[in-house]
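A look at the structure
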Amino acid sequence: MKQIIKTALIVILGNFTYALAVAFLIEPSGLITGGGTGIALFFHHLFGFKTAHVAFVINTILFLVGWRIMGRRFAANTLLSSFCFPIELHISEMLASHYALTDDIVLCTVFGGIIIGASLGIVIRTGASTGGMDIPPIVLNKYFGIPISGLMWTFDICILVLQAIFTEKTLVLYGIILVIIYTNVLDRMLILGKAKTQIKVVSKKSEEIRRAILQDIDRGVTVIYGRTGYLGKDTEITLSIVSTRELARTEKLVHDIDPEAFIIVSRVSEVKGRGFTEQKKYL
């Protein structure tokens, strides 16, 4: 129950942050964006409808379609986001009507993209769906097997083109930058705190290095057996995953044991397992 309440609060907070960005930065500047919000903004700019009202209608229709086709479990996963965002957007629009944050189009584009990407990342990291235009790709994937990521990009492009027809060219270009920014921020949010560093060491003293990493760095080690390309000699490669803060210490440890050790360092997007996503076990 505690986890459910925690997830619900995070989803509400993430959607409210998204709504604030739309009301204070996207709507006043006339920027275009993708997803269900993009469609709502299209009707807002073209017919003068309230963005929150259109978003509510769109999310309600798509939620009912998803419920009918995908079942109750899917509906439960999208229920909160589908209906809390339009309500929070309405509240945010009322706040924005009394206070203007900025009329600088560049600031609106940059900070709008950062806030939207971060807020969507917060929601998705909880395992909840953002609802809205996430639903049609999932439904089409079920019936036709088309990749969801490709469908989402296709829908976003179509929504951007639809808005571009009735929007000033300069705002279209800024809108494209906005989408690029929030897409990149979203990707980084999804791996935030999960990225680690992989280190591979080729050395004649691999056994000493293995023991030192296990004892001094307190990280697991895997020994890979290989063969050198030039001399054709058998060799051992010591592989370990460490945090960014532990990298310099690990490199110093290795070079203290073998100054001629060959070290390969690479970035790993995500690591799951004991010592990272699970508690360490000490025997």
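Our structure's up above, just so we're on the same page.
**Focus on the nonpolar core**
- In terms of nonpolar packing, the biggest core is built from 34 residues, with Tyr18, Ile26, Phe85, Leu89 and Ile116 touching the most fellow members.
- Going through the elements one at a time, α1 (2-29), α2 (35-47), α3 (51-70), α4 (72-96), α5 (105-125), α6 (135-144), α7 (148-165) and α8 (169-190) are the ones with two or more residues in this core.
- Counting residues per element, this core draws most heavily on α1, which supplies eight residues.
- Look past the residues within four positions of Ile116 in its chain and what remains in contact with it is Tyr18, Ala21, Ile26 and Tyr182.
- Of all hydrophobic cores here, the second largest spans 13 residues; its members include Val201, Ile209, Ile217 and Ile263.

**Structural notes on the pattern of salt bridges**
- For the coordinates displayed, the defined rule picks out five salt bridges.
- Measuring nitrogen to oxygen at the nearest pair gives 2.4 Å for the salt bridge that ties Glu207 to Arg210. Here Glu207 pairs with Arg210, and both are found in helix α9 (residues 206-217), just three residues apart, close to one helical turn.
- You can call Arg210 partly exposed: its relative accessible area is 23%.

**A few points about the side chain of Arg219**
- Examined against the element boundaries, Arg219 turns out to sit in the loop between α9 and β2 (221-227).
- Overall, the relative accessible area of 11% leaves Arg219 in the buried class.
- Polar contacts involving the side chain of Arg219 include one to the side chain of Glu246, which spans 3.0 Å.

**A closer look at the packing of α5 against α8**
- Remark: α5 packs on α8, axes separated minimally by 7 Å, with the N-to-C direction vectors making an angle of 35°. Here α5 runs over α8; the crossing is right-handed.
- Here the contact of α5 with α8 is composed, by residue class, of 19 nonpolar, five polar and one charged.

**Some points on the packing of α1 against α2**
- Interaxial distance between α1 and α2 falls to 13 Å at its minimum, and their mutual angle equals 40°. Crossing of α1 against α2: the hand is right-handed. Only Thr37, Leu41, His44 and His45 of α2 make contact with α1, whose side of the interface consists of Tyr18, Val22, Ile26 and Glu27.
- Split into classes, the residues belonging to the contact of α1 with α2 amount to four nonpolar, three polar and one charged.

**Considerations on the packing of aromatic side chains**
- Under the defined criterion, the tally for this structure stands at nine aromatic pairs.
- Ring centres 5.4 Å apart and planes at 75° place the aromatic pair Phe42 and Phe43 in the edge-to-face group.
- Judged by relative accessible area, which is 29%, Phe43 ranks as partly exposed.
- Ring geometry for Phe63 and Phe83: centres 5.2 Å apart, planes at 75°, overall edge-to-face. With Phe63 in helix α3 and Phe83 in helix α4, the pair connects residues that are 20 residues apart, well separated along the chain.
- A residue is classified by how much of its surface remains accessible, and Phe63, at 7% relative accessible area, is buried.
- Note on Phe83: relative accessible area 21%, which makes it partly exposed.
- What links up through ring pairs into an aromatic cluster is the set Phe42, Phe43, Phe47, Phe49 and Phe166.

Cut-offs applied
- All residue numbers here refer to positions counted from 1 along the written sequence of the relevant chain.
- Residue-level local features of this predicted model are given only where pLDDT is at least 70; pairs of side-chain atoms are given and counted only at 80 or more, and the full residue set underlies all totals for whole chains, interfaces and linings.
- With hydrogens and water set aside, each side-chain value is computed from the structure's full complement of heavy atoms.
- We define the nonpolar core as a collection of buried residues of types Ala, Val, Leu, Ile, Met, Phe, Trp, Tyr and Cys that are connected through side-chain atoms lying within 4.5 Å of one another.
- Partly exposed describes any residue whose relative accessible area lies between the buried limit of under 20% and the exposed limit of over 50%, with all areas from a 1.4 Å probe on protein chains only and scaled to the type maximum.
- Numbering of helices and strands starts at the N terminus; helices are DSSP runs of H or I of at least 4 residues and strands are runs of E of at least 2.
- Here, residues are in contact when the closest pair of their heavy atoms is within 4.5 Å.
- Throughout this description, the term salt bridge denotes a Lys or Arg side-chain nitrogen within 4 Å of a carboxyl oxygen of Asp or Glu.
- Between N or O atoms, a polar contact is any pair within 3.5 Å; within protein, one atom must be a potential hydrogen donor and the other a potential acceptor, and residues adjacent in sequence are included only when both atoms are from side chains.
- Orientation is described by lines fitted to C-alpha atoms, with helices fitted over the stretch in contact, and by angles between N-to-C directions that extend from 0 to 180 degrees.
- The hand of a helix crossing depends on one turn: near helix anticlockwise from the far one by less than a right angle means left-handed, and clockwise means right-handed.
- Residues are grouped as follows: Ala, Val, Leu, Ile, Met, Phe, Trp, Tyr, Cys and Pro are nonpolar; Asp, Glu, Lys and Arg are charged; all remaining types, including Gly, are polar.
- Only the six-membered ring of Trp is used, alongside the rings of Phe and Tyr, when aromatic pairs are assigned; centres must lie within 6.5 Å, and planes under 30 degrees apart are stacked while those over 60 apart are edge-to-face, with the rest tilted.

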